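# Descriptive structure summary
Residues per chain, in single letters:
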Amino acid sequence: MSLNAKQTAPADLTVLDGAEQIAEIRELKLTSARFRPNGRALIGETVPLFLFWMQYANHEDPERNAGTGGQVEIVSQGSDQVVLKCSGTTASGACSSSVVLTIRRVQDPVRYVYTVQATLDVASEKGWLVTPNPTQGEAEFANLWPEGSFSPNPNDPKRYQACYLITPSGVERIPHHHLETSDKHNLLMNRGDAFLWLQEDENPCLTILTESTVTAGLCAYMWDAHFAYKICKEGKEVLLPAGSHFEASYELTSLDESAAKPIVERAVDRRAPDLATIPLYVSGVNHFRRTLQNAGADWRYVWPWEAEGDSISTPVFDLGFGFDDSSCLRIDSSGAGKSCWKVTTLGPAFGGKPFVDGSQYRLSAIVKTSKLEGKTMIAIRLHRGNRGSVFDIQNYETFTSGQTFQGDTDWRLLKVITPPISPAPDRLHLLLIQEGSGTTWFDDVFLEVLT
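These remarks concern the structure in this document. (Residues numbered from 1 in each chain as written. Predicted model: local features only at pLDDT ≥ 70, side-chain atom pairs only at ≥ 80, totals over all residues. Heavy atoms only, no water.)

## Details of the overall build of the protein chain
- Summing up its helical and strand segments, the protein chain has 1 helix and 33 strands in all.
- The C-alpha atoms of the protein chain give a radius of gyration of 24 Å, which matches the 22 Å a tight globule of 451 residues would have.
- Based on the C-alpha atoms only, the size of the protein chain along its principal axes is roughly 75 × 50 × 45 Å.
- Going through the 451 residues of the protein chain one by one, you find that 54% of them count as buried.
- Partitioning the contacts of the protein chain with sequence separation of at least 6, the portion at a separation of at least 24 is 67%.
- As displayed, the protein chain has an accessible area near 19,500 Å², and 50% of this comes from carbon and sulfur atoms.
- A gap of 3 Å separates the mean positions of the 41 positive and 55 negative side-chain charges of the protein chain. (Helix = DSSP H or I, 4+ residues; strand = E, 2+ residues; numbered from the N terminus. Rg over C-alpha atoms; globule rule 2.2 N^0.38 Å. Buried < 20%, exposed > 50% of the residue type's maximum accessible area, 1.4 Å probe, protein only. Contact = heavy atoms within 4.5 Å. Areas by Shrake-Rupley, 256 points an atom, 1.4 Å probe, with all protein chains shown as cover. Lys, Arg positive; Asp, Glu negative; His and termini not counted. Charge placed at Lys NZ, Arg CZ, Asp CG, Glu CD.)

Next comes the structure, spelled out in structure tokens:
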């Protein structure tokens, strides 16, 4: 057996061990990556590993990632090692990215180790504008998603039940659930620190090799992890000047189940005090009694209500008041801003049933207001297929309740009914909205499909 690489296109190649394919690079993305002979691909086609730098937000924008004009070249290859170089730029050439990927075959037992050395250079005199990311770093050099971590298809098996962060201070567990909790945010990693997905027969591990501190974060949707440098330390945009230079390096390996077991046994859950403050969405009437503490063991398709507010508005999960019990959602505001509680995780992308062409949707809620100088309403927001990106709210349609409440009102019904929706939506959001100062309580929220 001997490692060798075969180039198939300017930004594509295949890596083999003898006749067995162990990895591919397609358009500067590592895919079908195996870590032992005849093993399954731990990095697959669903979410490949990008071998170029990017910013986290709006990374599809070719000015925010350096994957344009991609080229991969074979630097060297021998019986036990292949060295590859991936190069790309932003669309305008403002930044250039270079990633050297070394794949080694090691013995006892035979396995494959992937080492990445990445550099980013800002070339344009106009600089490169970096926007803040409050939950992790901004200049991202790796986004790792092990194959099978999450699938919207309930029939697919779930691989890995938690992520683990290993540092000199110990081992911390980050359970896999879809709540955007603080245990997933701003994970500081230094040289030698490791991040793992456990516990299966094969378990991927990313170890930081660079000397600079990395700020990582775990996404709540698919449980992929982003590794980046913090640029916007004051939460404001930063214009990186020409000549700015970044270096990062890391190693990808796998652990078998026996090696993973002691890590799991000595781990403690990373602190997440906000877990109890996040209400969960239920199919049917939402009385807001459900939290992760009473949601059961399978968290794959448990999704939260999310709060969205400005600096003068506060959405609150109220556990001391309600219409017919002692829990509801509340919004308090001291000014003219707009806030909402929302659910954005309905439908097949989140493990739900497909939306049916021509259906109507009715959203209702029992609502109470106090000293409300603006207005309260509820709304259904949806996106239809082939009408622009689902990640751009401007491509959505919003249907708002014809009636709104203001001032002081006792508990009353609000509802909104959509017309028949054809073609069927691929995303559907529920919104509980307050505009202006005052307080609103929302309870017994119910989405119905009418036809």
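## Some points on the sheet that holds strand 4 (residues 29-31)
- Ordered by their spatial adjacency, 5 strands build an open sheet running 1-2-3-4-7, and the pairing between neighbours is antiparallel. Two strands bound the open sheet, and with one partner strand each, they are strand 1 (3-9) and strand 7 (49-50). (Pairing = 2+ DSSP bridges.)

## Some points on the environment of S422
- One can find S422 in the loop between strand 31 (405-417) and strand 32 (425-435).
- A C-alpha to C-alpha distance of 48 Å links S422 and V100, two positions 322 residues apart in sequence.
- Look past the residues within four positions of S422 in its chain and what remains in contact with it is D357, G358 and R384.
- Polar contacts involving the side chain of S422 include one to the side chain of D357, which spans 2.7 Å. (Polar contact = N/O pair within 3.5 Å; in protein donor to acceptor, adjacent residues only side chain to side chain.)

## Side note on helix 1 (residues 257-266)
- Buried within helix 1 we find A260, I263 and V264. Down the axis, helix 1 shows its buried residues gathered within 100 degrees of arc, on one side only. Seen from the open side of helix 1, the exposed residues pointing more than 90 degrees away from its buried face are S258, E265 and R266.
- The secondary structure elements touched by the buried residues of helix 1 are strand 15 (162-167), strand 16 (170-175), strand 18 (194-198), strand 19 (202-208) and strand 23 (245-256). (Arc of directions from axis to C-beta.)

## A short note on the environment of A225
- Checked against the element boundaries, A225 lands in strand 21 (residues 225-229).
- According to the relative accessible area criterion, A225 is buried, its value standing at 1%.
- The contact partners of A225, leaving out residues within four places of it in the chain, are A142, N143, L144, F195, W197, G217 and L218.

## Some thoughts on unusual backbone geometry
- Following L198, the chain continues to Q199 via a peptide bond in cis, the omega torsion being 15 degrees.
- Its place among the elements puts Q199 in the loop between strand 18 and strand 19.
- In the segment running from S422 into P423, the intervening peptide bond is cis, with an omega of 0 degrees.
- Considering the arrangement of structural elements, one finds P423 in the loop between strand 31 and strand 32.
- Positive phi is not limited to glycine here, since S32 has a value of about 55 degrees.

## Focus: the sheet that holds strand 21
- Read from one edge of the open sheet, 5 strands run 8-14-21-20-17, paired in antiparallel fashion. What marks the edges here is a single partner per strand, and that holds for strand 8 (54-55) and strand 17 (187-189).
- Relative to strand 21, strand 14 (residues 139-144) runs antiparallel, the two sharing 5 bridges. By the bridge assignment, L144 is partnered in strand 21 with A225.

## As for the pattern of salt bridges
- Enumeration over the complete set of coordinates arrives at 21 salt bridges.
- The partner of E397 in a salt bridge is R384, and the shortest N-O contact between them spans 2.6 Å. You can see E397 sitting in strand 30 (residues 397-400) and its partner R384 sitting in strand 29 (residues 361-384), a full 13 residues away along the chain. (Salt bridge = Lys/Arg side-chain N within 4 Å of Asp/Glu carboxyl O.)

## Some remarks on the packing of aromatic side chains
- For the structure shown, the criterion picks out 23 aromatic pairs.
- Judged by centre distance (4.8 Å) and plane angle (50 degrees), the ring pair of F35 and Y114 falls under tilted. Taken together, the positions of F35 in the loop between strand 5 (33-34) and strand 6 (41-43) and Y114 in strand 12 (residues 111-122) put the pair 79 residues apart, joining distant regions of the chain. Both residues of the pair, F35 and Y114, count as buried.
- Ring centres of Y221 and W303 lie 5.9 Å apart, and the angle between their planes is 40 degrees; on these two criteria the pair is classed as tilted. With Y221 in the loop between strand 20 (214-218) and strand 21 and W303 in the loop between strand 24 (268-269) and strand 25 (306-308), the pair connects residues that are 82 residues apart, well separated along the chain.
- According to the relative accessible area criterion, Y221 is partly exposed, its value standing at 30%.
- Take W303: its relative accessible area is 7%, and that puts it in the buried class. (Phe/Tyr/Trp six-rings, centres within 6.5 Å; stacked < 30°, edge-to-face > 60°.)

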